[in-house]
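Chain by chain, the residues:
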Amino acid sequence: MTLATPAVCLVGAPTDVGAGLRGTGMGPAALRVAGLAEAIRAQGRAVIDAGDLTGPRHPGEGSGSQGLRHVDEVVAWNRAVFDAVAAALGRGEFPLLMGGDHSLAVGSISAV
C-alpha cells in the first residue's frame, strides 16, 4: 500500500507587524518571484498557491509596551494564519507558510 503525497499549499502572510525591522512582509512575493512553486514541482510535488492572507496594516513604528509590538495586529494575523493552515490540513494538503515575521509561528504551530 502506498500513501498519496499531499499537494503543497503555499500560503502567503505578507506582514512584518511583529518584527523589529520592516521588510519581512515582502517575503511571500519574493519567494514566488524566485520560483519556489516551480522548484517544488520539479521535485514531483503538486503545488496549490492559496495566495496571500489579509490582515491589519502595520500601525507604524513604536516599540509597544513591555517588549511587545502591536499585539492586537499580531493576534489578528495569527488568527488568519491559523485558519488557513488548519483549512489546508483539513483538505489533506501540506501547508507551507511564507511570511512574514517570526510572530506568525504562533498561528501555524497552533493549527498543526
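Our subject in this report is the structure included herewith. (Residues numbered from 1 in each chain as written. Predicted model: local features only at pLDDT ≥ 70, side-chain atom pairs only at ≥ 80, totals over all residues. Heavy atoms only, no water.)

Comments concerning the sheet that holds strand 3 (residues 94–99)
Through backbone hydrogen bonds, the strands of a sheet pair up, either in parallel or in antiparallel fashion. Pairing is parallel in the open sheet, where three strands are placed in the order 2-1-3. The open sheet has two free edges, formed respectively by strand 2 (47–52) and strand 3, since each of these has just one partner strand. Adjacent strand axes in the sheet meet at a mean angle of 20°, parallel and antiparallel pairs treated alike. In this structure, strand 1 (residues 8–13) lies alongside strand 3, joined through six bridges in parallel fashion. In the strand pairing of strand 3, Val 8 is matched with Phe 94. (Pairing = 2+ DSSP bridges. Helix = DSSP H or I, 4+ residues; strand = E, 2+ residues; numbered from the N terminus. Axes fitted to C-alpha atoms, helices over the stretch in contact; angles between N-to-C directions.)

What about the environment of Asp 52?
Within the element layout of this structure, Asp 52 appears in strand 2. Beyond its immediate chain neighbours, meaning those up to four positions away, Asp 52 contacts Gly 12, Pro 14, Pro 28 and Arg 32. A distance of 2.8 Å separates a polar atom in the side chain of Asp 52 from a polar atom in the side chain of Arg 32. (Contact = heavy atoms within 4.5 Å. Polar contact = N/O pair within 3.5 Å; in protein donor to acceptor, adjacent residues only side chain to side chain.)

What about the nonpolar core?
Grouped together as the largest cluster of nonpolar side chains are 14 residues, with contacts concentrated most on Val 11, Ala 13, Leu 53, Trp 77, Val 81 and Leu 104. Among the elements that make up this core, the one with the highest residue count is helix 3 (residues 71–90) (seven residues). Apart from residues lying up to four places away in sequence, Trp 77 is in contact with Ala 13, Pro 14, Thr 15, Val 17, Leu 53, Thr 54, Gly 55, Pro 56 and Leu 104. Val 8, Leu 10, Ala 37 and Met 98 belong to the second-largest nonpolar core, a separate cluster that totals six residues. (Core = buried A, V, L, I, M, F, W, Y, C linked by side-chain atoms within 4.5 Å. Buried < 20%, exposed > 50% of the residue type's maximum accessible area, 1.4 Å probe, protein only.)

Remarks on the side chain of Glu 73
Considering the arrangement of structural elements, one finds Glu 73 in helix 3. The side chain of Glu 73 sits in the buried core without any salt bridge; Arg 57 is the nearest counter-charge, 10 Å away. Not counting residues up to four positions away in its chain, the partners in contact with Glu 73 are Val 17, Pro 56, Arg 57 and Pro 59. (Lys, Arg positive; Asp, Glu negative; His and termini not counted. Salt bridge = Lys/Arg side-chain N within 4 Å of Asp/Glu carboxyl O.)

Here's the deal with the pattern of salt bridges
Here the structure, examined in full by the defined rule, presents four salt bridges. Between Arg 32 and Asp 52 there is a salt bridge whose closest N-O contact spans 2.8 Å. Here Arg 32 is found in helix 1 (residues 27–33), whereas its partner Asp 52 is found in strand 2, with 20 residues between them in sequence. With relative accessibility at 41%, the residue Asp 52 sits in the partly exposed group. Measuring nitrogen to oxygen at the nearest pair gives 3.0 Å for the salt bridge that ties Glu 93 to Arg 91.

Shape descriptors only; they carry no functional weight alone.
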